[in-house]
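# Architecture and fold: a report
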Amino acid sequence: MFDVLVQWWWLAVDAFSTHAVGPALAFLHLGNAIGEPEDIADALLTAALQIAIIACVFRPLEFFAPAENWQDRKLTRVDWRSTLALMLGVSPLFAFLVLSPFAQAFSHAAAWAGLPDEGLLHYFPHIEAHPYLAFGLYYAANDLAYYWMHRAQHAIPWWWALHSMHHSQRQVNCWGNARVSWLDVVIESCLLATVGLVMGVNAGQFAVLVMLAELVQNLAHTNTRIGFGKVVDRLIITPRFHRLHHMLVDPSRPGLHDCNYGQVLAIWDNLFGTALYNEPPRPNGVGDPTVDADNGRGVLAMQWYTLRRFWGAFTSRAGWKPQEATFDTNYRPVPLVRSGGAH
Ligand SMILES: [Zn+2]
Ligand SMILES: [Zn+2]
């Protein structure tokens, strides 16, 4: 069954590559400058499949079993447009223009340093006989790296300047995973790709890993009350769990929002003491008006103003000191002092 699906997939990629991508590249006189037609067709069809899953499975959940009832979905429109821009434009372009050369440079450097081709998995005896176990190990390492990276995104003001765009959403929804700074996508991808390369994951496995992780995140942002039971809640990120990560700061419990950083596995939050369960849904967003202003912007303006606050933080001393920060009207970071509670 799985083999038949894979066969169909490659037939579709082949047809799309021959009849659409190839002629389009020839028309634009691009040749193979941004990658092989077959690779581009594969990336675009993968993105289209992901968008179809969100539209046909996750979006209906928001209609039939919402966690929050909204008067309208006005604030989600920019997230839908951001999804199209990110998945059909920015991500595939970035993969060909930045990530592939980055991976190549890394493997040259690794060969020069005398590291084994298989990465760290070289040191696990007989691992090549257990491909699923190897993939599980990649996944766990990638997810652990994501957890700590995400904590840094909240703790370091210049990184928060970028990540705060994701948290500006007041209506956390099935398209909301794509409300991210494109510069942050570059930083995140290079860091996570490095973990993959050190582990010895190959490009095909990395693509599957990223797509599975993104689907879990798309579901995690879905405005739905569906649950998967207590056991699954402790293992995998669910919509309820990630929704609490997006909560507005509660002044009466100021440290409460410092929770639920995981990407796919909930075990890291449980292990490192940042897991929060059993809270009712809360209002989402950020208290900082400079960041909240993102809600009145379109896809490109949101990116531009995020870059402005990033630059304001990156070029100031306070932007490098781990602390909770807001941004002033000149997009400079202002350390946040909370009265009456530990962060
Ligand atoms: Zn976050
Ligand atoms: Zn989120």
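Residues numbered from 1 in each chain as written. Chains lettered and ligands numbered in written order. Predicted model: local features only at pLDDT ≥ 70, side-chain atom pairs only at ≥ 80, totals over all residues.

## As for the overall build of the chain
Secondary structure assignment for the chain yields 12 helices and two strands. Over its C-alpha trace the chain gives a radius of gyration of 21 Å, about what one expects of a compact globule, namely 20 Å for 343 residues. Overall size of the chain, expressed as C-alpha extent along the three principal axes, is 60 × 45 × 45 Å. In the chain, buried positions account for 33% of the 343 residues. Taking all contacts inside the chain whose residues are at least 6 apart in sequence as the whole, residues at least 24 apart take part in 70%. (Helix = DSSP H or I, 4+ residues; strand = E, 2+ residues; numbered from the N terminus. Rg over C-alpha atoms; globule rule 2.2 N^0.38 Å. Buried ≥ 20, exposed ≤ 12 C-beta atoms within 10 Å, placed from the backbone. Contact = placed C-beta atoms within 7 Å.)

## Focus: unusual backbone geometry
The backbone of Asn-278 shows a phi angle near 60°, a positive value even though the residue is not glycine. Summarising the element assignment, Asn-278 is placed in the loop between helix 10 (267-271) and helix 11 (289-292). Non-glycine residue Tyr-331 carries a positive phi angle of around 65°. If you trace the backbone, Tyr-331 turns up in the loop between strand 1 (325-327) and strand 2 (333-335).

## What about the nonpolar core?
Among the nonpolar cores identified, the biggest contains 51 residues, and Trp-158 and Ala-161 are the most heavily contacted of them. With near-sequence residues (within four places) excluded, Trp-158 lies in contact with Phe-310, Ala-313, Phe-314, Gly-319 and Trp-320. (Core = buried A, V, L, I, M, F, W, Y, C linked by C-beta atoms within 7 Å.)

## Thoughts on the environment of Trp-148
Mapped onto the secondary structure, Trp-148 falls in helix 4 (residues 131-155). With 153 residues separating them along the chain, Trp-148 and Ala-301 place their C-alpha atoms 29 Å apart.

## As for the packing of helix 4 against helix 6 (residues 182-199)
Contact geometry for helix 4 and helix 6: axes closest at 10 Å, N-to-C directions at 145°. The chirality of how helix 4 crosses helix 6 is right-handed. Side by side, helix 4 and helix 6 meet where Tyr-138, Ala-141, Asn-142, Ala-145, Tyr-146 and Met-149 of the first sit next to Glu-188, Leu-191, Leu-192, Val-195, Gly-196 and Met-199 of the second. Taken together, the residues of the contact of helix 4 with helix 6 sort by class into nine nonpolar, two polar and one charged. (Axes fitted to C-alpha atoms, helices over the stretch in contact; angles between N-to-C directions. Left-handed = near helix turned anticlockwise from the far one by under 90°. Nonpolar A, V, L, I, M, F, W, Y, C, P; charged D, E, K, R; others polar.)

## Points about helix 4
The terminal C-alpha atoms of helix 4, which comprises 25 residues, lie 36 Å apart, in line with the 36 Å expected from a rise of 1.5 Å per residue. Among the residues making up helix 4, those that are buried are Tyr-138, Asn-142, Asp-143, Tyr-146, Tyr-147, His-150 and Gln-153. The secondary structure elements touched by the buried residues of helix 4 are helix 5 (157-167), helix 6, helix 7 (203-221) and helix 10. (Expected span 1.5 Å × (residues − 1).)

## Concerning helix 1 (residues 2-27)
Across its 26 residues, helix 1 extends 36 Å between first and last C-alpha, which sits within 8% of the 38 Å expected from 1.5 Å per residue. A maximum bend of about 45° is found in helix 1 at Ser-17. Taken residue by residue, helix 1 has Val-13, Ser-17 and Val-21 as its buried positions. Buried residues along helix 1 sit against helix 2 (37-64). The positive-phi residue at the C-terminal boundary of helix 1 is His-29, with phi of around 55°. (Bend = angle between axes of the 7 residues up to and from the residue.)

## A few points about the environment of Asn-218
Mapped onto the elements, Asn-218 comes out in helix 7. On the basis of neighbour counts, which here come to 23 C-beta atoms within 10 Å, the residue Asn-218 falls in the buried class. For the pair formed by Asn-218 and Val-4, sequence separation is 214 residues and the distance between their alpha carbons is 27 Å. Apart from residues no more than four positions distant in its own chain, Asn-218 is found in contact with Ile-54, Phe-58, Cys-174 and Asn-177.

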